Amino acid sequence: MVYSRSDVSPRLHEAFGQQFLIGAAVNPKTLVTQRELLTHHFNSITAENEMKFESLHPAEDRYTFTDADRLMAFAKANGMAVRGHTLVWHNQTPNWVFEDRSGGVVDREALLTRMKSHIETVVSRYKGNIYAWDVVNEAVSDRGGELLRPSKWLDIAGENFIAKAFEYAHAADPGALLFYNDYNESVPEKREKIFALVKSLKEKDVPIHGIGLQAHWNLEHPSVDDIRQAIERYVGLGMKLHITELDVSVFQHDDRRTDLEAPTEEMLARQAERYSQFFQLFKVYSESITSVTFWGAADDYTWLDNFPVRGRKNWPFLFDREHNPKPSYWNVMDIARS
Ligand code: GLA
């Protein structure tokens, strides 16, 4: 048993109780290894992978709900909210979805029927217990001159696949908040594309309630100013905002070093400064920002280990590998109390 000071430090979610939920992405392993930390500091969880298409629906006539159900039971037992992630995405979606019985490309009607059936089954199962869903993930392109990312969904069903996904989700649970979720959400060029997409959905009366800012950020990027402008722009559409996948990598995008065994003091100080700026902003916009979810909980486990650089560890969270609060945690608590 790892000795953990996290359970004697003030609870993060209580500190922000008047502002927003504090969430963490979890998986079957961290639900065990981070149990104390999760139940002490967080009041919302999200499945890192267990509610994605490939996890829940590996074959047309087969659903696998065991891990997702366990996560739901954990949330219920500990009085936590659950954000659903994610219904329609170009990644982690099995090939059968896009193929007909002879292995060719499925036609548009059949693809939309499959999407509808998947969404109905999944959203209905957790109706009333998942308060918000990432309905469509990462449909916008990072490349200049192109609004939507090329994908099988787009190729086969056309751009309307996005609106359809929201309609099906809304029909399955009219009480759930429905989000469009994406990364590079604060990069001005992509921000404008996300804005244009969501605006067009609203104009068509598509049932969309919010924008998820993934917030995979680092020590320098994006600038606080770019984040503020993105928030302003999205709020201007009347959308609720969720910060959905927050982490702060200690490495710049083009930094490839692999020699560090622990974060440097400078990194920890800069990370704490960044977290402080972010939570200051989140507080200012807390009328619109109703949930802040980290893409993990503590530095013992992060998807950024070995990605995008193999053999490299990262330390992106408020709690260290032993679940002790880092300078970032104390800074965030100072903002909560300010
Ligand atoms: C994206 C997805 C997440 C997750 C991360 C990497 O941000 O939305 O579900 O896969 O990539 O862990």
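The structure under discussion appears in the preceding block.
Residues numbered from 1 in each chain as written. Predicted model: local features only at pLDDT ≥ 70, side-chain atom pairs only at ≥ 80, totals over all residues. Heavy atoms only, no water.

(A) Molecular detail of the overall build of the protein. A count of helical and extended segments in the protein gives 12 helices and nine strands. For 338 residues, the compact-globule formula gives about 20 Å, and the C-alpha radius of gyration of the protein, at 20 Å, lands near that figure. In terms of overall dimensions, the protein has a C-alpha envelope of 55 × 40 × 40 Å along the principal axes. A sequence separation of at least 24 residues applies to 76% of the contacts in the protein between residues at least 6 apart. Roughly 14,500 Å² of accessible area belongs to the protein as shown, and the carbon and sulfur atoms make up 48% of that amount. (Helix = DSSP H or I, 4+ residues; strand = E, 2+ residues; numbered from the N terminus. Rg over C-alpha atoms; globule rule 2.2 N^0.38 Å. Contact = heavy atoms within 4.5 Å. Areas by Shrake-Rupley, 256 points an atom, 1.4 Å probe, with all protein chains shown as cover.)

(B) Just unusual backbone geometry, in detail. The omega torsion of the bond from His 85 to Thr 86 falls at 5 degrees, within 30 degrees of zero and hence cis. Relative to the assigned elements, Thr 86 resides in strand E3 (residues 81-88). Cis geometry is found at the peptide bond from Phe 307 to Pro 308, where omega equals 0 degrees. Inspection of the secondary structure assignment puts Pro 308 in the loop between strand E9 (289-294) and helix H12 (327-337). Positive phi, normally seen in glycine, also occurs at Glu 138, with a value near 60 degrees. Structurally, Glu 138 can be placed in the loop between strand E4 (132-137) and helix H7 (152-157). Look at Glu 138 and you get buried, because its relative accessible area is 10%. (Buried < 20%, exposed > 50% of the residue type's maximum accessible area, 1.4 Å probe, protein only.)

(C) Quick look at the pairing of E9. Summarising burial for E9: five of the six residues are buried, a large majority. Pairing between strand E1 (residues 21-26) and E9: four bridges, direction parallel. Residue pairing for E9: Leu 21 is matched across the bridge by Ser 291. By the bridge criterion, four bridges tie strand E8 (residues 240-249) to E9 in an arrangement that is parallel. Directly across from Leu 241, in E9, lies its bridge partner Ile 289. As for the winding sense of the linkage, the β-α-β connection from E8 through helix H11 (residues 265-284) to E9 is right-handed. (Pairing = 2+ DSSP bridges. Right-handed = clockwise from strand over helix to strand, strands pointing away.)

(D) Geometry of the site of the ligand. In the vicinity of the ligand, the contacting residues are Lys 52, His 85, Trp 89, Gln 92, Asn 137, Glu 138, Gln 214, His 216, Glu 245, Trp 295 and Trp 303. Between the ligand and Lys 52, the relevant distance is 2.9 Å, taken from an oxygen atom to a side-chain nitrogen or oxygen of the residue. Gln 214 has a polar side-chain atom sitting 2.8 Å from an oxygen atom of the ligand. Summarising the interface, the protein chains cover 88% of the accessible area of the ligand, which totals 300 Å² for the free molecule. Counted by class, the shell around the ligand contains three nonpolar, five polar and three charged residues. (Near = heavy atom within 4 Å. Polar contact = N/O pair within 3.5 Å; in protein donor to acceptor, adjacent residues only side chain to side chain. Nonpolar A, V, L, I, M, F, W, Y, C, P; charged D, E, K, R; others polar.)

(E) Spotlight on the nonpolar core. Among the nonpolar cores identified, the biggest contains 104 residues, and Trp 133, Leu 246, Phe 279 and Phe 282 are the most heavily contacted of them. Broken down by element, this core gets its largest block of residues, eight residues, from helix H8 (residues 161-172). Those residues in contact with Trp 133, other than ones at most four positions away along the chain, are Met 51, Gly 84, His 85, Thr 86, Leu 87, Val 122, Val 123, Tyr 126, Ala 176, Leu 177, Leu 178 and Phe 179. (Core = buried A, V, L, I, M, F, W, Y, C linked by side-chain atoms within 4.5 Å.)

(F) A look at the packing of aromatic side chains. For the coordinates displayed, the defined rule picks out 21 aromatic pairs. Where Phe 16 meets Phe 279, the ring centres are 5.3 Å apart and the plane angle is 40 degrees; that geometry is what we call tilted. Of the two residues, Phe 16 is situated in the loop between helix H1 (12-15) and E1 and Phe 279 in helix H11; the sequence distance between them amounts to 263 residues. An identical accessibility class is assigned to Phe 16 and Phe 279; each is buried. Ring centres of Phe 251 and Trp 315 lie 6.4 Å apart, and the angle between their planes is 45 degrees; on these two criteria the pair is classed as tilted. Separated by 64 residues along the polypeptide, Phe 251 in the loop between E8 and H11 and Trp 315 in the loop between E9 and H12 bring together distant segments of the chain. Comparing Phe 251 with Trp 315, the two get one shared label, buried. (Phe/Tyr/Trp six-rings, centres within 6.5 Å; stacked < 30°, edge-to-face > 60°.)

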